[in-house]
Amino acid sequence: MSELSTQLIHHPYAPPAGFAAPQPGVFKASTVFFANVAALRTREWKDKSGYTYGLHGTPTTFLLEERLCTLEGGLQCLLVPSGLAAIANVALALLKTGDEVLIPDNAYGPNKALAEGELMAWGITHQYYDAMNPADLAEKIGARTRLVWLEAAGSVTMEFPDLRDQMRICRQHGVLAALDNTWGAGLAFRPFDLEGDGSGNLAVDISMQALTKYPSGGGDVLMGSVVTRDLALHMRLKLTHMRLGLGVAANDTETVLRSLPSMSLRYRAQDASARELARWCRTRPEFAQVLHPALQGSPGHAHWQALCRTGAGGAASLFSVIFDARYEAAQVDAFCDALRLFKLGYSWGGPISLVVPYELQGMRAAWPPHLAHGTLVRLAIGLEATADLQADLLQALQAMA
Ligand SMILES: *Cc1c(COP(=O)(O)O)cnc(C)c1O
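Conventions we followed
- Residues numbered from 1 in each chain as written.
- Predicted model: local features only at pLDDT ≥ 70, side-chain atom pairs only at ≥ 80, totals over all residues.
- Heavy atoms only, no water.
- Near = heavy atom within 4 Å.
- Polar contact = N/O pair within 3.5 Å; in protein donor to acceptor, adjacent residues only side chain to side chain.
- Areas by Shrake-Rupley, 256 points an atom, 1.4 Å probe, with all protein chains shown as cover.
- 1 Å grid on protein atoms, 1.4 Å probe; cavity = no way out; pocket = protein on both sides within 12 Å on 5 of 7 lines; lining within 4 Å.
- Sits in = over half its atoms within 2 Å of the grid points.
- Helix = DSSP H or I, 4+ residues; strand = E, 2+ residues; numbered from the N terminus.
- Buried < 20%, exposed > 50% of the residue type's maximum accessible area, 1.4 Å probe, protein only.
- Contact = heavy atoms within 4.5 Å.
- Pairing = 2+ DSSP bridges.

Novice: Tell me about the site of the ligand, and please be specific about residues and values.
Specialist: Near the ligand there are 13 residues, and of these Gly 83, Leu 84, Asp 180, Thr 212 and Lys 213 occur at the shortest range. One of the side-chain nitrogen or oxygen atoms of Asp 180 is found 2.6 Å away from a nitrogen atom of the ligand. At 2.6 Å from an oxygen atom of the ligand is found a side-chain nitrogen or oxygen belonging to Lys 213. Coverage of the ligand by the protein amounts to 90% of the 380 Å² it exposes when considered alone. Of the pockets mapped on this structure, the ligand occupies the largest pocket.

Here's what the structure looks like:
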């Protein structure tokens, strides 16, 4: 008989198979065992036929990947440690020295920072294009363009582009298009069926998401996904994913698996609340402009209307307000500080409403002509009662004045 320590580690008991419960089991591993050397030598890590190493997948990560494919209408999925890591995975897999990437001027800021930092240092150039002007995109696609980023709605300023037209242009030029689908989350529109006829003619090539937002739903997990419908493209992304050592933790994956069933209900409720508050903000004299793609007159509203479900669940619970120019930046800061339910903080998609003031000047090549001049504040609506949030906004406006 071996020592007790060995007995405990190599214990023979295995619980009966067939355990079924609402939530799947959580499998944690760096090491994965093989039955024999032949199995170790022949096990395939590139597909879901088996397990080789924690970084290459466990039952827990395979489950989440498959559910995210269903959510977005894709066929393959990669999980990465954050939304930004998903953006980087796409860029590093598809771009090399001498190539160019096109990014919308209103894109998620760190996407632009990656282009200006590492990509530039490695001889990969970028151009920013006007997401609201398809001619500008068409003009900027050149012989060296290998990747076009799309984002709907744009970060912070919430312009909704004509995604179909943008995809048509990318197709005409034979350039890969990657969508940052964090806002739509797979719920507001179908990224692989932009035409809505199931043909896939105008499908994006890649849809990435920050699962950090609605899929997590708790403000407590960082994760990203990269979904495709083309096996060869997926393998290019997957090889880079493997060589960079990107992986996600089992407990974080479990958290997202647990939140996913309630996601469409949360998205719908938060959307309805955000629209109600955005409409109320429109009635307030303090604001020169309210930016929410579902609101008539907001930049790109017609494009939103053409692509998204127009009822609740057709938009993320984000909108921005531009204060009338008579308010100084310090007064707008005072408004943000006076909010009690809205917390100051980045990210969104969780239960608590958030507020961030932005300095638009430094974020854009030029002040967009469709935006009023004034200080911009972005509001992310959580799951609190709408009336309480409205009262909070009102008291903060009064405190500011
Ligand atoms: C939050 C966000 C990301 C990045 O997600 P992280 O998990 O925070 O890295 C990317 N794109 C958009 C549009 C986002 O809102």
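Moving on, there is more to tell.
Novice: Residue-level account of the environment of Leu 265, with values.
Specialist: Take Leu 265: it is sitting in helix H10 (residues 263-282). Overall, the relative accessible area of 59% leaves Leu 265 in the exposed class. Between the C-alpha atoms of Leu 265 and Gly 313, which are 48 residues apart in sequence, the distance is 8.1 Å.

Novice: With reference to specific residues and values, describe the side chain of Glu 65.
Specialist: Secondary-structure assignment places Glu 65 in helix H3 (residues 59-72). Classification of Glu 65 by relative accessible area gives buried; the value is 10%. Residue contacts for Glu 65: discarding those within four places in its chain leaves Lys 48, Cys 77 and Leu 79.

Novice: Can you lay out the pairing of strand E12 (residues 376-380) for me, pointing to particular residues and giving the numbers?
Specialist: In terms of residue burial, E12 counts as a mostly covered element, since five of its five residues are buried. Where burial is concerned, the two faces of E12 agree: the one with Leu 376, Arg 378 and Ala 380 and the one with Val 377 and Leu 379 are both buried. In this sheet, E12 lies alongside strand E9 (residues 318-323) in antiparallel orientation, the contact comprising five bridges. By the bridge assignment, Val 321 is partnered in E12 with Val 377. In this sheet, E12 lies alongside strand E11 (residues 354-358) in antiparallel orientation, the contact comprising five bridges. Paired with Val 355 across the bridge in E12 is Leu 379.

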